[in-house]
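Each chain, letter by letter, is given below.
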Amino acid sequence: MKRFIGFVTKEFYHIFRDKRSMFILFGMPIAQIMLFGFAITNEINNVNIAILDKSKDTETKKIINKISASKYFHIEQEVSSEAQIESIFKKGKVKAVLVFENDFIKNLQTQKQAKVQVITDATDPNIANTITNYVNAILQNYTQELNNVNQASYQIQTQTQLYYNPELKSVFTFVPGVMTVILMLVSAMMTSISITREKELGTMEVLLVSPLNPLQVILGKVFPYIFLSIINATVIVVLGVFVFGMPIQGSIFLLALESILFIITALSLGILISTLSNSQQTAMMASLMGLMLPVIILSGFIFPISSMPLPLQLISNIIPAKWFIIIIKAIMLKGASIEIIWKETLILIGMTVFFIALSIKKYKIRLE
């Protein structure tokens with residue numbers, strides 16, 4: 001029995017001395033519960049909306065102030081005409097526009113009712129529904145307060161209009177999201193084990209003495225996987241269009257270029273993971289555990305980023321999947337051109353250059 005206790009004690013010592021084991025046992029659960037606790041929510045907060053106030057009277061100003069004071073909405077801008085609504089939706093600046101009818105206060109006083117139109121960007125049906133429900137709740141609360149003060153029975157009716165996804169099909173959200181997740185994880189995973197495989201098989205020495213420079217080695221590792229990932233992307237788009245009825249409102253050529261750019265970004269990230277890892281197991285764990293949760297949770301695929309705490313919103317900016325989801329939804333659902341998505345495109349290009357440059361630097365250090 002003493003020998004068994006001594007053996008168990010020895011195992012405890014081995015575990016406590018291994019920093020990686022301690023991180024897996026205690027660090028990852030804490031990180032995951034914090035990430036899930038703060039990021040996973042069906043509520044919306046600080047959603048950017050726009051206001052089109054055709055009446056510009058005292059009551060509409062009171063309602064706008066009440067909406068602005070809530071934690072759910074942030075009034076991004078005021079528009080002067082309905083012609084501006086689609087353009088700001090395409091830019092992705094706002095998720096909804098509230099339109100107050102002409103003679104709002106006059107209709108409320110004479111007819112005992114007035115109308116507010118809620119126009120939402122329905123590329124994400126859940127967010128669109130939630131925005132509509134929150135606006136209705138705020139208007140009902142305001143009407144109740146108004147009736148209590150004036151001893152009247154005023155009503156404010158809401159009319160809902162949905163842009164880009166009037167039938168609120170969830171597949172319009174999941175096809176771009178699943179495409180992004182698959183390309184990100186598969187591409188990064190495939191390349192993350194490429195250089196580490198060379199190390200474990202003992203063929204790294206061949207690369208070290210070869211006439212190829214580091215850039216050629218990196219490109220050689222990435223090049224075959226580009227074609228495989230393009231096939232993956234093509235299959236997903238074809239299935240989405242012909243099986244699930246996913247529309248492509250924008251240019252197919254632009255969609256293909258942006259998809260190739262994202263594939264290259266994901267592959268270059270995989271190469272970076274590969275150069276930083278000493279074994280295939282480490283590279284696989286980094287590509288799976290290090291990318292899967294951030295890509296799914298912090299990309300805006302399922303949960304709205306605007307509702308997350310500020311630190312998580314900042315972290316989401318370094319997730320390439322976030323920018324590609326914005327791009328692919330803008331092209332497929334909104335028919336956006338490069339003039340609309342050029343900022344997101346430049347961000348992906350910058351990330352790709354950074355990942356490749358850092359991979360080359362790390363590779364040179366290993367050569368030395």
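For the structure, check the block above.
The shown structure was predicted, so the numbers you read here are calculated from the model rather than taken from an experiment.

*Asks:* What is the right way to read the sheet that holds strand β2 (residues 73-78) from this model?
*Replies:* If you trace the 5 strands from one edge of the open sheet to the other, you get β2-β1-β3-β4-β5, paired in mixed fashion. With one partner strand each, in any of the chains shown, β2 and β5 (155-163) form the two edges of the open sheet. With strand direction ignored, the average angle separating the axes of adjacent strands in the sheet is 30 degrees. As paired elements, strand β1 (residues 47-53) and β2 share 5 bridges and run parallel to each other. Paired with N48 across the strands is H74, a residue of β2.

*Asks:* Sorry, what's going on with the pairing of strand β4 (residues 113-121) here?
*Replies:* Both faces of the sheet carry side chains from a regular strand, because those side chains alternate between them. Of all 9 residues in β4, 7 are buried, a share of seventy percent or more. Direction of pairing for strand β3 (residues 96-100) relative to β4: antiparallel, over a ladder of 5 bridges. Counted as the bridge partner of F100 is V116 from β4. Sheet analysis places β4 next to β5, joined by 9 bridges and oriented parallel. Bridged to V116 within β5 is T158. Following the backbone out of β4, through helix α6 (residues 125-150) and into the adjacent parallel β5, one traces a crossover that is right-handed.

*Asks:* Looking at this model, I keep getting lost on the packing of helix α11 (residues 252-276) against helix α14 (residues 320-332). Mind explaining?
*Replies:* Between two packed helices, both the angle of their axes relative to each other and the distance between the axes serve to describe the pair. One can describe the packing of α11 onto α14 by two numbers: an axis separation of 10 Å at closest approach and a directional angle of 170 degrees. By the angle class used here, α11 and α14 are roughly antiparallel. Of α14, the residues touching α11 (which contributes L254, L255, E258, S259, F262 and T265) are P320, A321, F324, I327, I328, I331 and M332. The residue makeup of the contact of α11 with α14, split by class, is 10 nonpolar, 2 polar and 1 charged.

*Asks:* Where do I start with the nonpolar core in this structure?
*Replies:* One broad rule of soluble globular proteins: the nonpolar side chains tend to lie buried together. With 53 residues, the main nonpolar core has M179, M184, F262, L269, L291 and I341 as its most contacted residues. When residues of this core are traced back to their parent elements, those giving at least two are α7 (171-192), α10 (214-242), α11, α12 (280-297), α14 and α15 (338-367). Sorting elements by how many residues they give to this core places α11 first, with 11 residues. The contacts of I341, once residues within four sequence positions are left out, are L254, E258, I327, A330, I331 and A336. Ranked by size, the runner-up nonpolar core spans 26 residues in total, among them I63, A96, V118 and L146.

*Asks:* I keep staring at the packing of aromatic side chains and nothing clicks. Help me out?
*Replies:* Each aromatic ring pair is specified by the distance between its two centres and by the angle formed by the two planes. Under the counting rule described, the total for this entry stands at 8 aromatic pairs. For the pair Y72 and Y134, a centre-to-centre distance of 4.3 Å together with 45 degrees between the ring planes defines the contact as tilted. With Y72 in the loop between α3 (58-69) and β2 and Y134 in helix α6, this pair connects stretches of sequence that are 62 residues apart. On the accessibility criterion, Y72 (27% relative accessible area) is partly exposed. Between the aromatic rings of F262 and F324, the centroid separation amounts to 4.3 Å while the plane-to-plane angle is 5 degrees, which identifies the pairing as stacked. On the criterion of sequence distance, the pair formed by F262 in helix α11 and F324 in helix α14 is long-range, its members being 62 residues apart. Each member of the pair, F262 together with F324, is buried. K322 extends its terminal NZ or CZ atom over the ring of W323, reaching a point 4.6 Å from the ring centre.

Quick notes on the rules
Residues numbered from 1 in each chain as written. Predicted model: local features only at pLDDT ≥ 70, side-chain atom pairs only at ≥ 80, totals over all residues. Heavy atoms only, no water. Pairing = 2+ DSSP bridges. Helix = DSSP H or I, 4+ residues; strand = E, 2+ residues; numbered from the N terminus. Axes fitted to C-alpha atoms, helices over the stretch in contact; angles between N-to-C directions. Buried < 20%, exposed > 50% of the residue type's maximum accessible area, 1.4 Å probe, protein only. Right-handed = clockwise from strand over helix to strand, strands pointing away. Parallel < 35°, antiparallel > 145°, perpendicular 65-115°, else oblique. Contact = heavy atoms within 4.5 Å. Nonpolar A, V, L, I, M, F, W, Y, C, P; charged D, E, K, R; others polar. Core = buried A, V, L, I, M, F, W, Y, C linked by side-chain atoms within 4.5 Å. Phe/Tyr/Trp six-rings, centres within 6.5 Å; stacked < 30°, edge-to-face > 60°. Lys NZ or Arg CZ within 6 Å of the ring centre and 35° of its normal.

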